[in-house]
Amino acid sequence: MNAPAPADRALHVLRHTFGYPAFRGEQAAIVGHLEGGGDALVLMPTGGGKSLCYQIPSLLRDGCGIVVSPLIALMQDQVQTLEQLGVRAAYLNSTQDAETAGAIERAVLAGELDMLYVAPERLMTPRFQQLLGRARIALFAIDEAHCVSQWGHDFRPEYIQLSILHERFPQVPRIALTATADAATRQEIVERLALHEARIFVSSFDRPNIRYTVVEKDNARRQLLRFIRSHHDGDAGIVYCLSRKKVEETANWLRGEGIRALHYHAGLDAATREAHQTQFVRGDGIVMCATIAFGMGIDKPDVRFVAHLDLPKSLEAYYQETGRAGRDGLPSNAWMAYGLQDLVLQREMIEQSQAPDEIKRIERQKLEALLGYCEAPACRRQVLLRYFGEPSEPCGNCDMCLNPPETFDATLAAQQALSTIYRSGQRYGAGHLIDILMGRANARVTERGHDKLSTFGIGKQLPDAQWSSLLRQMAAQGFVGLNEFGGLVLREDCRAVLRGEAGFLARRVRESAPRAASSVRREMEFESDEARTLWAALRQCRRDLAEEQNVPAYMIFGDATLKLMLDARPTSLEAMHALSGVGDRKLDAYGMQFLEVIQKHQRRHA
Ligand code: ADP
Ligand code: ZN
């Protein structure tokens, strides 16, 4: 009999070991290229399915696949996930004692491992280099390859030395992977890892299953609670706040409202941080309130939402943070509440930092791009993808597409606002300016004589909320800017509007919050209470098995697979095997238990 063609072998492993019916996007091409001995640089967004690109070739090629990963916390998860699939995997890092490490080294030499995860500093030790010299190596995978970039914030000096791998083992294929897309970083990876011969695979950076929504801040905590209660009851999610204090307050408050919330920031001791992170990853449906210190290396596939109560630093940061939602491909939400005050705060942070002027200038530009996103007049995904250099059509899955805003001719209103800013001396924030426009003779207004301005009270035709929105839109258009104290100042671009040479079309604010919120996607929509009951039973079964095995719930079966069980209601092991995510090993280990849950449920609801 002929040996199966390479593509068939890869597909066989995909179906039987991983339980997936088909490759996604470029996966098949990447796997084939590596299996044939080629080098590859893979640029794929979070959740795109990078791991399979080196896991399957490691299984197909002779010897052990060596995976370099900077995230020690993740190694154990990755190895456990593979063990659940029946793959022989292990990791080596500084958390292990010499005896354990020795046993793993012997297993590598005896050809008993398909895959070995190592930290970069470990890889470079003479001892490990010696081991590599004596072992059969299937490939080298360099995960989070952007860590070689000295300009990025994840720079790891040990990564620079990884080019040694190529010098010592020129015949072993290498694959470098990252979710960081920009051209400069890409070039740096090629140079520093000596990947000049590598084929480059670039995927779209779109995350179609994530729905983007931005709401105007108006008691953000309540808005958040309403969002969680109505759309993410019992789901896992991350809530990002700027300060440690706010992180703790938000978590406390959510707990008071009956939400299972934890907090995480760099000010907590290491043990608490780790405990909270583990609870979040292992648990089912915990909301983590955190600063941006949280998230790097969190590989939880079933995070259903990421919420921002404060503005992120840049669109890059925003995309990375929101990208932690929905790695499993199921519908997820990226939700943000923002107001002009956030912008002022970020602007102050830039101005007060010790950074050189050149850096400050770049940071100001990034803040403006962010404002452009928040005030996007149309599809938000288009704004995001354009920022990353990818053209796209309106997505149909963001708040702007689902609930297109009404616009109105705001030329006169803009003129009124601009002249109020000018006449009051270009130094006041939005609140004070709105008081003048609305004709409120309060102490702050009268003390400064602003009740005598010709624009005092000329703006009563619009409600306060519309004025704040208008000022933000004018900032996004570049008509006005913020000084370092948060005061609004005129910008060159406003002249045409002020002189009446150009019009200004603005978005009307939505009167009622619920309408805006209704565009937010619900994670799970059940056809009936009966379906909801079965879903709960399937989850309970998963939770029990996870506890028994001491692994995170998603490692038993992901939400996507559980949802397929709910919809298909398999009645035989064979039917169960056909579901995406049910490979040979998991069918053996857990198939019967889940079949029984379904059967019991069906009998009860017959
Ligand atoms: P990345 O490392 O790019 O963020 P992962 O490799 O963790 O992404 O994959 C994300 C999720 O998608 C995982 O749950 C993985 O099992 C799943 N996945 C990957 N490839 C496929 C596929 N071909 N079919 C179905 N699910 C897949
Ligand atoms: Zn859209």
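Residues numbered from 1 in each chain as written. Chains lettered and ligands numbered in written order. Predicted model: local features only at pLDDT ≥ 70, side-chain atom pairs only at ≥ 80, totals over all residues. Heavy atoms only, no water.

**Quick notes on the overall build of the chain**
For clarity, the cut-off: Helical segments are the DSSP runs of H or I of at least four residues, strand segments are the runs of E of at least two, and each set is numbered from the N terminus. C-alpha atoms define the radius of gyration, and 2.2 Å times the number of residues to the power 0.38 defines the globule rule. Whether two residues are in contact is decided by their heavy atoms, any of which lying within 4.5 Å being enough. Accessible surface is estimated by sampling points in the Shrake-Rupley manner with a 1.4 Å probe; for residues, cover comes only from the protein chains shown. Charge counting treats Lys and Arg as positive and Asp and Glu as negative, with His and both chain ends excluded. By convention, the charge on Lys lies at NZ, on Arg at CZ, on Asp at CG and on Glu at CD.
Along its length, the chain carries 29 helices and 17 strands. Relative to the globule expectation of 25 Å for 606 residues, the C-alpha radius of gyration of the chain, 27 Å, shows essentially globular dimensions. Over its C-alpha atoms, taken along the principal directions, the chain stretches across nearly 90 × 65 × 45 Å. Of the contacts made within the chain by residues no fewer than 6 positions apart, 73% connect residues no fewer than 24 positions apart. Total accessible area computed for the chain in this model is approximately 26,900 Å², and 50% of it derives from carbon and sulfur atoms. Taking the average location of the 72 positive side-chain charges in the chain and that of its 75 negative ones, the two points are 3 Å from each other.

**Quick word on the environment of Leu340**
Relative to the helices and strands, Leu340 resides in helix 15 (residues 340–352). With 89 residues separating them along the chain, Leu340 and Gly429 place their C-alpha atoms 9.2 Å apart. Not counting chain neighbours up to four residues away, the residues in contact with Leu340 comprise Ala430 and Arg472.

**Focus on the side chain of Gln416**
Heads up, the rule is: Relative accessibility decides the category of a residue: with a 1.4 Å probe and only protein chains considered, values under 20% of the type maximum give buried, values over 50% give exposed, and everything between is partly exposed.
Turning to its location among the elements, Gln416 is positioned in helix 19 (residues 411–423). Taking relative accessible area as the criterion, Gln416 reaches 11% and is therefore assigned buried. When sequence neighbours within four positions are dropped, the list of residues in contact with Gln416 reads Leu437, Thr455, Ile458, Gly459, Gln461 and Trp467.

**Here's the deal with the site of ligand 1**
As a reminder of what qualifies: Any residue with at least one heavy atom within 4 Å of a molecule or strand is counted as near it. In protein, a polar contact means a hydrogen-donor-capable atom and an acceptor-capable atom, both N or O and within 3.5 Å, with residues adjacent in sequence counting only if both atoms are side-chain atoms; elsewhere, any N or O pair within 3.5 Å suffices. For this classification, the nonpolar set comprises Ala, Val, Leu, Ile, Met, Phe, Trp, Tyr, Cys and Pro, the charged set comprises Asp, Glu, Lys and Arg, and every other residue, Gly included, is treated as polar.
The local shell around ligand 1 holds 14 residues, among which Tyr20, Gly47, Lys50, Ser51 and Arg327 are the closest. Contact distances for ligand 1 include 2.8 Å between an oxygen atom and a side-chain N or O atom of Lys50. A distance of 2.7 Å separates an oxygen atom of ligand 1 from a polar side-chain atom of Arg327. Relative to its free-state accessible area of 560 Å², ligand 1 is covered by the protein chains to the extent of 82%. Tallied by class, the residues present in the shell around ligand 1 amount to 5 nonpolar, 6 polar and 3 charged.

**Let's talk about the coordination of the zinc ion (ligand 2)**
Note the following rule: A 2.8 Å cut-off from the metal defines N, O and S donors, relaxed to 3.2 Å for Na, K and Ca; water is not in the atom list, so some sites may appear incomplete.
Looking at the zinc ion (ligand 2), one finds its protein donor set to be Cys379 (SG), Cys395 (SG), Cys398 (SG) and Cys401 (SG), positioned 2.3 to 2.4 Å from the metal centre. Taken in sequence order, the residues that donate to the zinc ion (ligand 2) follow the motif C-x15-C-x2-C-x2-C. Judged by its relative accessible area of 24%, Cys401 falls in the partly exposed class.

**Quick word on the packing of aromatic side chains**
Two aromatic rings, taken as a pair, are described by how far apart their centres are and by the angle between their planes. Stated precisely, the cut-off is as follows: The aromatic pairing rule takes the rings of Phe, Tyr and Trp, using the six-membered ring of Trp, and pairs them if the centres are within 6.5 Å, calling planes under 30 degrees apart stacked, those over 60 edge-to-face and the rest tilted. Look at NZ for Lys and CZ for Arg. If either is within 6 Å of the ring centre and within 35 degrees of the ring normal, a charge sits over the ring.
Summed over all chains, the structure comprises 11 aromatic pairs. Plain terms: the ring middles of Phe140 and Phe169 are 5.7 Å apart, the flat faces sit at 50° to each other, and that makes the pair tilted. Of this pair, Phe140 sits in strand 5 (residues 137–142) while Phe169 sits in the loop between helix 9 (163–168) and strand 6 (174–178); the two residues are 29 residues apart in sequence, bridging distant segments of the chain. On the basis of relative accessible area, Phe140 is assigned to the buried category, the value being 0%. The class of Phe169 is buried, set by a relative accessible area of 8%. Residues Phe557 and Tyr590 carry aromatic rings whose centres are separated by 6.2 Å and whose planes lie at 80° to one another, so their mutual orientation is edge-to-face. Separated by 33 residues along the polypeptide, Phe557 in the loop between helix 26 (553–556) and helix 27 (559–568) and Tyr590 in helix 29 (residues 584–604) bring together distant segments of the chain. The pair formed by Phe557 and Tyr590 is uniform in burial state, with each residue classed as buried. Taken together, the aromatic side chains of Phe227, Phe305 and Trp335 make up a single cluster linked through ring pairs. In this structure, Arg380 packs its charged tip against the face of Tyr373, placed 5.7 Å from the ring centre.

**Some details on the packing of helix 19 against helix 20 (residues 430–438)**
Put simply, the test is: Between N-to-C directions, angles span 0 to 180 degrees; the directions come from axes that are lines fitted to C-alpha atoms, helices contributing only their stretch in contact. Relative orientations are named as follows: roughly parallel for angles under 35 degrees, roughly antiparallel for angles over 145 degrees, roughly perpendicular for angles from 65 to 115 degrees, and oblique for any other angle. It is the rotation of the near helix from the far one that decides the hand of a crossing: anticlockwise by less than a right angle makes it left-handed, clockwise makes it right-handed.
Look at helix 19 against helix 20: their axes get within 10 Å of each other, and the N-to-C directions meet at 115°. Between helix 19 and helix 20, the interaxial angle falls into the category roughly perpendicular. For the pair helix 19 and helix 20, the sense of crossing is right-handed. Here helix 19 contributes Gln416, Ala417, Thr420 and Ile421 to the contact with helix 20, which in turn contributes Leu433, Ile436 and Leu437.

**A word on the sheet that holds strand 9 (residues 236–240)**
Remark on secondary structure: sheet strands pair via backbone hydrogen bonds, oriented parallel or antiparallel. The cut-off we apply is this: At least two bridges found by DSSP between two strands are what make those strands a pair.
Spatially, 8-13-12-9-11-10 is the arrangement adopted by the 6 strands of the open sheet, whose pairing is parallel. Every interior strand has two partners, whereas the edge strands, strand 8 (210–216) and strand 10 (261–264), have only one. With direction set aside, neighbouring strand axes in the sheet form an average angle of 20°. Across 5 bridges, the pairing between strand 9 and strand 12 (residues 303–308) is parallel. Paired with Val239 across the bridge in strand 12 is Ala307.

**Some words on the sheet that holds strand 5**
Pairing in this open sheet of 7 strands is parallel, and the strands run 3-4-2-5-6-1-7 from one edge to the other. The open sheet has two edge strands with one neighbour each: strand 3 (89–92) and strand 7 (199–202). Across the sheet, the mean angle from the axis of one strand to that of its neighbour is 20°, orientation sign disregarded. Taken strand by strand, helix 5 (residues 98–109) contacts strand 3 and strand 4 (115–118), and its axis lies near 130° from that of strand 3.

**Observations concerning the domain arrangement of the chain**
Put simply, the rule reads: Delimitation of the domains relies on an automatic or database domain assignment. When two components associate, each loses some accessible surface as probed by a 1.4 Å sphere; the sum of these losses over both components is called the buried area.
For the chain, the domain assignment lists domain 1 (6–202), domain 2 (210–401), domain 3 (407–507) and domain 4 (529–604). The distance between the C-alpha centroids of domain 1 and domain 2 comes to 30 Å. Tallying the contact residues gives 11 residues for domain 1 and 10 residues for domain 2. Across the interface of domain 1 and domain 2, roughly 850 Å² is buried in total on both sides, 53% from carbon and sulfur atoms. Here domain 1 and domain 2 share 0 residue pairs in polar contact (both at pLDDT 80 or more) between them. Considering only residue class, the side of domain 1 that touches domain 2 consists of 3 nonpolar, 5 polar and 3 charged.

**Concerning the packing of helix 20 against helix 22 (residues 464–476)**
Interaxial distance between helix 20 and helix 22 falls to 10 Å at its minimum, and their mutual angle equals 130°. With respect to helix 22, the axis of helix 20 lies oblique. Remark: the crossing between helix 20 and helix 22 carries right-handed chirality. Between helix 20 and helix 22, the residues in contact are Ala430, Ile434, Leu437 and Met438 and Asp464, Trp467, Ser468 and Leu471, respectively. For the contact of helix 20 with helix 22, the class distribution of residues is 6 nonpolar, 1 polar and 1 charged.

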